[in-house]
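Residue-level structural notes
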Amino acid sequence: MTPAAIRDGFAALRDDQTMRPLADAAVCRSESDWLVGINGTRAMTAFNSKTGGFHLTTVGRVQTPTLAVVVEREEKIKKFISKDYWEIHGAFAAQAGEYVGRWFDEQFQKTKDGENPEFKAERLWTPERAEAIRAKCHNQPGIVTEESKPTTQLSPLLYDLTSLQREANGRFGFSAKNTLGLAQRFMKSIKY
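Read on for an overview of the structure. (Residues numbered from 1 in each chain as written. Predicted model: local features only at pLDDT ≥ 70, side-chain atom pairs only at ≥ 80, totals over all residues. Heavy atoms only, no water.)

With respect to the packing of aromatic side chains
Inspection of the entire model under this criterion finds four aromatic pairs. With 5.2 Å between their ring centres and 50° between their planes, Phe 119 and Trp 125 make a pair best called tilted. Seen from their ring centres, Phe 172 and Phe 174 are 5.5 Å apart, and the 35° between their planes marks the pair as tilted. Of the residues examined, Phe 174 reaches a relative accessible area of 29% and is grouped as partly exposed. (Phe/Tyr/Trp six-rings, centres within 6.5 Å; stacked < 30°, edge-to-face > 60°. Buried < 20%, exposed > 50% of the residue type's maximum accessible area, 1.4 Å probe, protein only.)

Concerning the pattern of salt bridges
For the coordinates displayed, the defined rule picks out four salt bridges. Here Glu 167 ties to Arg 171 by a salt bridge, and the two come within 2.7 Å at their closest N and O atoms. A residue pair is termed a helical-turn pair when its members lie 3 or 4 positions apart in one helix, as Glu 167 and Arg 171 do in helix 5 (residues 161-172) at four residues. (Salt bridge = Lys/Arg side-chain N within 4 Å of Asp/Glu carboxyl O. Helix = DSSP H or I, 4+ residues; strand = E, 2+ residues; numbered from the N terminus.)

Considerations on the side chain of Thr 45
The topology assignment puts Thr 45 in helix 2 (residues 16-48). Engagement of the side chain of Thr 45 in a polar contact is seen with the backbone oxygen of Thr 41, the distance being 2.7 Å. Polar side-chain contacts of Thr 45 include one of 3.1 Å to the backbone nitrogen of Thr 57. When sequence neighbours within four positions are dropped, the list of residues in contact with Thr 45 reads Phe 54, His 55, Leu 56 and Thr 57. (Polar contact = N/O pair within 3.5 Å; in protein donor to acceptor, adjacent residues only side chain to side chain. Contact = heavy atoms within 4.5 Å.)

Right under this line is the structure:
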């Protein structure tokens, strides 16, 4: 909702024909909320209450897939098998003093499918390899280089009311109404 974004939007207006699928999707979501939510909730509540009592079981277009994600994650946690791994940490002497560093495998490549998220560049999976690397590096001189890349960063945009309310809620727990009242009071106190 920045002025530049609004100008860009008006500069590239789209006709009704290109936006029609979005409207159709909104109608579809509304109808599926009604059909799945009400009918599914009634059916699941009746099924779970058949042995007696009333066991409300809600079903919904968003709630059901979200619950499936939670269940899938819980199954992964239950199937998790812990494995020992080793890391090599070292203390390095330099002119400016001592600093601590950690070894990592420069040739490490993360798998694209994310199959083994516990595989990381700094982890070694056998104590023999860890000891071999430690023995090779122990009491050896080394060359340290520093690389820095200049970066440019745009200054943050000024607050609009929505972003101000979001920030005030996140930092201080203020409600949107409270933030609006404070902002209006502040603006009245400014002498132009």
